[in-house]
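What follows is each chain in one-letter form.
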Amino acid sequence: MSGRLLLVCRLLMRDLRRRRTETVLLLVAITAATATLTLGLTLNEIADRPYRQTRTATAGPDVIVTPGATGQAALDELASLTTAAGVTDHSGPFPVAYLTMTARGKSAHAVVEGRDTTPVSIDRPAVTDGTWVRPGGVVVERAFADALGIRTGDTVNIDGHPLRVIGTAVTAARATYPYAGWHYPGSILVERGGLVWVDRSDIATLAGSQPLSYTLNLKLADPAASTTYAVGDQLTTWQAIDHLNGRLYSDAQIALLVGSWLLSGLALAGVAGIVAGRIIGQRRRVGLLKAVGAGPAMIAAVHLAEYLVIGLAAAATGLAAGWFAAPVLIRPSAGLIGSVNAQPPALRTVIAVTALALTIAVAATLVPVVRAATSTVHALADAATPPRRRRWRIWLSRRLPTALLIGVRINARRPRRARLVTVNTLITTTALVAILMVNTQVVHFDLGYTELANPRVERSEQATLVLTVVLCILALINAVVSTWTAVLDARQPLAVARTLGATPAQAGVGLALAQLLPAIPGVAAGIPAGIGLLASVSTGEVQYPPDSWLLATALGVLLAIAALTAIPAMVATRRPVVDTLQSAPT
C-alpha cells in the first residue's frame, strides 16, 4: 500500500512540474469560481458587523417605540412603557416631525428628531464631523448628508426654515438612509427618507401646524428578548434595524452568489477542455502502467489525485482571495462606523468552497480518466469519433463550401469538444446579457420631491464589476484553451485536406468555423437564458434592454471567438504539409 501511495505522489509531482502552464490554467479556472463564492458567502457573514459596532459605540437601544398617536396622547401611551417588566433604562420620549428638507437644489423626506444638548444614557449619536445639536443648527445623519452632498457649514431648508448644518452623526436607533422610516403623521405607510437632529426647542417651530410624534428608546435586561416584541409600524427592534441595513447588500450578495454558479459552469467547461488535452498527452503513460500490471483503479487514482490536489489548492486560493478582497469591495454604509474587518472565513464557508472546488475538479475529469483507465485501446490510440455515413449527409457535404466542410468535419471528429464550446458560449452570453440588463435598470428612486442615487446600487455595481472582469478572464482562458486544443488535434486532418487541394486560407477559415459553429447555438440560447435569469432573481420590475443591444452582445461574443481563433488558425496553416505529416505518430 505504501509503495502505491509513493508512486502516486511521485507521478503527481512530476506532472505538476512538467505541465506548469496547464496546471496554472486549471488553478485559475477553479479559483475564479471559489473566490466569487467566498465573496458572496462572506458578505452574508460580515454585513452586520458595522451596525453592531455602531450600536456599541452609540449605546444603541434594544427596542424603539413610536406610537401612531401624536401630541399628549402619544406621551400618555409611552409613559407606562418605561416601567414595564424587563426594561432597565430608557431615553426620551423625543419629539419627531416628518418634514421635507432641501439642500443644494435637492429636496427629500426628512425625519426631524428633537434632542437635548446634553447626552443621554441610551442612543447617543456619534458625531463624525462638527458638533452636536444647538439652537438654530441641524445635525444630519452621515449617509443622508452624503446622498444630498451636504457638508458641515452648509445651509439647508426644512419646510421653509433655513438652518445651518453644524455636524454629521451616526446612530443605531434608526436604519441608515434611505430607511429612516419617514411617513405622514397617523399613516402606517412608510416611505424612504433620511434622519436629522435639531435642538428640542426648535422642532415645534419647524413642524408648524403638524402635530408632533414621539419616539422612546428602551434598554432591556436581556437584549435578545427584544425578538419577542412584535415589530410593526409603531415598534421596532435592533434586530429589525440590522436587517434593514443589511438590505443595502442584498443585491450585491445575490449577484455574487448567482455569478459564482455561472463561473462554476465556465470553470467546469474550461477544466474539462484542459483535462481532455492532458489525458491525451498522458495516454502513453497509461499504456505503460497497464503493461506493468497496474489495474484501472490504480490508474484512475494516479490521475484523479492530480486534479484533486489542484482543486484543493484552488479552494485555498479562492478562500484567501475572497477573504482579502472582502474589506475592499464591501464598503459599509456611511451611516455606520467601523469596518467589516474580515475575520477568517466561517467553517461553513470553507466547507462550501472546498466542496465546489472538488466538485468541479471531479466532474470535469471523472469521465475521461475512467475511460482512459478502463479502455487500453482507447487510451493508446485516442481515435477520433468515426464518421456516420448517411446518403443525405454525403449529398449535403458535397455541396458545402470547402472551408465550411472542413469545420464540420473537425467538429464531427471531436463532438465532446464542440459541446464544450457551446456550453462555454452559452454561460458567457447568459452572464453578459444578465449584466447588460442590470445596467439598464433605473438606478434612482423617488425620495420625496427629487430623485437621489440608490445606495443599494453602489454595492451591486461593485459586485457586477467584479463578476464582469472575472467572467471575461475565464471566458478568454476557455476560448484560448479550446482553440489551441483544436489546432493541435486538427493538424493532421488539415494537412490531409491541403494535400487533397484545400488552400491554406480555406484550412484556416475551416478551423475558425469549427469554433464558431458550436458557438452560434450557445449565443442564441444565452440571450433568453440571461433574460430569464435576471427575471427570476429580480425583486422589482424588470426593464429590458433594446433589441439592438442584445444583438450587439451576440455579435460581440461571436466576433471575439473569431478573433481568438484567427491567430492560431493562421499559425497552424503556415506550417508545411510535409512536416505535419511526417510528425504524425505511426
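Residues numbered from 1 in each chain as written. Predicted model: local features only at pLDDT ≥ 70, side-chain atom pairs only at ≥ 80, totals over all residues. Heavy atoms only, no water.

Visitor: Just to check I follow, could you spell out the overall build of the protein for this structure?
Guide: What the protein contains, in helices and strands, is 20 helices and twelve strands. Across the 586 residues of the protein, 48% fall into the buried class. A separation threshold of at least 6 residues defines the contact pool for the protein, and within that pool the share at least 24 residues apart is 83%. Looking at the protein as shown, the accessible area adds up to about 26800 Å², and 63% of this sits on carbon and sulfur atoms. (Helix = DSSP H or I, 4+ residues; strand = E, 2+ residues; numbered from the N terminus. Buried < 20%, exposed > 50% of the residue type's maximum accessible area, 1.4 Å probe, protein only. Contact = heavy atoms within 4.5 Å. Areas by Shrake-Rupley, 256 points an atom, 1.4 Å probe, with all protein chains shown as cover.)

Visitor: Can you help me understand the environment of Phe-324 in this one?
Guide: For Phe-324, the location among the structural elements is in helix H10 (residues 296-329). Phe-324 sits 285 residues away from Leu-39 along the chain, and the two C-alpha atoms are 9.5 Å apart.

Visitor: Can you help me understand the nonpolar core in this one?
Guide: Grouped burial of nonpolar side chains is what soluble globular proteins tend to show. Met-101, Val-112, Val-138 and Phe-144 are the most contacted members of the largest nonpolar core, which has 35 residues in total. At five residues, strand E2 (residues 87-103) tops the list of elements feeding residues into this core. Those residues in contact with Met-101 that lie beyond four places of it in its chain are Lys-106, Ser-107, Ala-108, Ala-110, Phe-144, Leu-148, Ile-150, Val-156, Asn-157, Ile-158 and Val-196. Membership of the second largest hydrophobic core comes to 30 residues, among which are Ala-32, Leu-263, Leu-319 and Leu-356. (Core = buried A, V, L, I, M, F, W, Y, C linked by side-chain atoms within 4.5 Å.)

Visitor: I would appreciate a short explanation of unusual backbone geometry in the present structure.
Guide: Among all residues except glycine, the phi angle is most often negative; among peptide bonds, the trans geometry is most common. Note that the residue after Tyr-177, namely Pro-178, is joined by a cis bond; omega there is 10 degrees. One can find Pro-178 in the loop between strand E7 (161-170) and strand E8 (194-199). In the Ramachandran plot, Asp-123 falls in the positive-phi region, its phi being about 65 degrees despite a non-glycine side chain. Tracing the backbone shows Asp-123 in the loop between strand E3 (106-115) and strand E4 (126-130).

Visitor: Would you take a moment to explain the packing of aromatic side chains for this structure?
Guide: Aromatic ring pairs are defined here through the distance separating the ring centres and the angle between the ring planes. What the rule picks out here adds up to three aromatic pairs. Centre to centre, the rings of Tyr-98 and Trp-182 are 6.5 Å apart; their planes meet at 85 degrees, and the pair counts as edge-to-face. In this pair, Tyr-98 sits in strand E2 while Trp-182 sits in the loop between E7 and E8, placing the two residues 84 residues apart along the sequence. The residues Tyr-98 and Trp-182 share a single accessibility class, namely buried. Taking NZ or CZ as reference, Arg-55 lies 4.3 Å from the ring centre of Trp-238, over its face. For the cation-ring pair, Arg-115 lies above Phe-94, with the distance from its terminal atom to the ring centre recorded as 4.0 Å. (Phe/Tyr/Trp six-rings, centres within 6.5 Å; stacked < 30°, edge-to-face > 60°. Lys NZ or Arg CZ within 6 Å of the ring centre and 35° of its normal.)

Visitor: Is there a simple way to explain the environment of Ile-166 in this structure?
Guide: On the secondary structure map, Ile-166 appears in strand E7. Since its relative accessible area comes to 6%, Ile-166 is described here as buried. Residues in contact with Ile-166, not counting those within four places in the same chain, are Asp-129, Gly-130, Thr-131, Trp-132, Val-133, Arg-134, Gly-137, Val-138, Val-139 and Thr-152.

Visitor: I'm lost on the packing of helix H14 (residues 402-413) against helix H18 (residues 504-537) in this one. Help?
Guide: How two helices sit against one another is set out by the angle between their axes and by the gap between those axes. Across the interface, H14 lies against H18 with an axial gap of 7 Å and an inter-helix angle of 55 degrees. Classified by the angle their axes make, H14 and H18 are oblique. The way H14 lies across H18 gives a crossing that is right-handed. Between H14 and H18, the residues in contact are Thr-402, Ala-403, Leu-404, Ile-406, Gly-407, Val-408, Ile-410 and Asn-411 and Gln-506, Ala-507, Val-509, Gly-510, Leu-511, Leu-513, Ala-514, Leu-517 and Pro-518, respectively. For the contact of H14 with H18, the residue count by class is twelve nonpolar, five polar and no charged. (Axes fitted to C-alpha atoms, helices over the stretch in contact; angles between N-to-C directions. Parallel < 35°, antiparallel > 145°, perpendicular 65-115°, else oblique. Left-handed = near helix turned anticlockwise from the far one by under 90°. Nonpolar A, V, L, I, M, F, W, Y, C, P; charged D, E, K, R; others polar.)

Visitor: Honestly, the pairing of E8 in this entry has me stumped. Any pointers?
Guide: Remember that side chains alternate between the two faces of the sheet whenever the strand is regular. Within E8, six of the six residues are buried, which leaves it mostly tucked inside the rest of the structure. In this structure, strand E5 (residues 137-141) lies alongside E8, joined through three bridges in antiparallel fashion. Residue pairing in the sheet places Val-139 in a bridge with Trp-197 of E8. (Pairing = 2+ DSSP bridges.)

Visitor: Please explain the side chain of Ser-91 as it appears in this structure.
Guide: Relative to the elements of secondary structure, Ser-91 occurs in strand E2. For Ser-91, a relative accessible area of 4% translates into the label buried. A polar contact is formed between the side chain of Ser-91 and the backbone oxygen of Ile-122, at a distance of 2.8 Å. Each residue touching Ser-91, except ones within four places of it in the same chain, is listed here: Val-120, Ile-122, Asp-123, Leu-216 and Asn-217. (Polar contact = N/O pair within 3.5 Å; in protein donor to acceptor, adjacent residues only side chain to side chain.)

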